[in-house]
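Analysis of the macromolecular model
Here is what each chain is made of, one letter per residue.
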Amino acid sequence: MPALDPGRTALVLVDLMERIVALPLAPRPGTDVLAAAGRLANAFREAGAPVVHIRVERPGVETQPPGSELVAELVHPGDETVVKRTIGGFQGTGLHDLLQKHGATTLVFGGIATNLGVESTARAAADLGYELVFAEDAMTALTADEHRASVQLDFPRLGTVAPVAAITLGGAE
């Protein structure tokens, strides 16, 4: 996979919250996803590319469940955070405007769950004209079959699926 332009690429990490990372997940545990997402986020920060975290809040409740914050060690100063109240990250959040402010035309995705928050956000991103890259080992789902369906059937129709190790940032192509 060619190096991505850090001036036009953003990392979008979906629902890497304490209570979601702690769920029984497959094909890999949430801790493995956090490690892979952390490596990717560090590479983006070092290249000067934006890191955007999306977290969900349940609508219509006064207090969110325990563990509803993003995993603290993943969020660094200068990262952006968007709060969503639907499955996908674009509806009513300002995510598109934020990405446009950063000049992003390519989005690299990771998060939990592959087939829910990640896929819903990615489908909206594709509709908006973004080029998409999916960091396969920086995501997981409630079942291995759900994860596989997204990364083997759906994501290749929307963009490029690659392991974190293959995703690099360099100069403009």
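Quick look at the structure, then. All values derive from a computational prediction rather than experimental measurement.

Helix and strand content of the chain: 5 helices and 6 strands. Reading the helices (α) and strands (β) of the chain from amino to carboxyl end gives β-α-α-β-β-α-β-α-β-α-β. Taken over C-alpha atoms, the radius of gyration comes to 15 Å for the chain, in line with the 16 Å a tight globule of 173 residues would show. Dimensions of the chain along its principal axes, counting C-alpha atoms only, are 45 × 35 × 30 Å. Sorting the 173 residues of the chain into buried and exposed places 50% on the buried side. For the chain, contacts bridging at least 24 residues in sequence account for 81% of all contacts bridging at least 6. Carbon and sulfur atoms form 52% of the exposed surface of the chain, whose accessible area is close to 7,900 Å².

For the rest of this paragraph, the subject is the pairing of strand β3 (residues 80–84). For a regular strand, side-chain orientation follows a simple rule: the groups alternate between the two sheet faces. The alternating pattern of β3 places E80, V82 and K84 on a buried face and T81 and V83 on a face that is not buried. Sheet topology note: the strand β2 (residues 51–56)/β3 ladder contains 5 bridges and is parallel. Directly across from H53, in β3, lies its bridge partner T81.

Another aspect to go through is the sheet that holds β2. The parallel open sheet is built from 6 strands, whose spatial order is β3-β2-β1-β4-β5-β6. Sheet topology places β3 and β6 (160–162) at the edges, where each strand pairs with a single neighbour. The sheet shows a mean angle of 25° between the axes of neighbouring strands, taken without regard to direction. For strand β4 (residues 106–112) and strand β5 (residues 131–140), the ladder comprises 6 bridges, and the chain directions are parallel. Bridge assignment links V108 to a residue of β5, and that residue is V133.

Conventions and cut-offs
Counting of residues starts from 1 at the beginning of each chain's written sequence and follows it residue by residue. The predicted origin of the model limits local features to residues at a pLDDT of at least 70 and limits the giving and counting of side-chain atom pairs to 80 or more, whereas totals for whole chains, interfaces and linings rest on all residues. No hydrogens and no water enter the side-chain calculation; it runs on all heavy atoms of the structure. Helix and strand definitions follow DSSP, with helices as H or I runs of at least four residues and strands as E runs of at least two, each counted in order from the N terminus. To get the radius of gyration, use the C-alpha atoms; to get the globule rule, take the number of residues to the power 0.38 and multiply by 2.2 Å. The classification of residues rests on relative accessible area computed with a 1.4 Å probe and restricted to protein chains. Under 20% of the type maximum is buried, over 50% is exposed, and intermediate values are partly exposed. Should any heavy atoms of two residues lie within 4.5 Å, those residues are counted as being in contact. Exposure was quantified through the Shrake-Rupley algorithm and a 1.4 Å probe, taking into account, for residues, occlusion by the shown protein chains and nothing else. At least two DSSP bridges between two strands are needed for those strands to be called paired. Helix axes are fitted to C-alpha atoms over the stretch in contact, other axes to C-alpha atoms as well, and angles between N-to-C directions run from 0 to 180 degrees.

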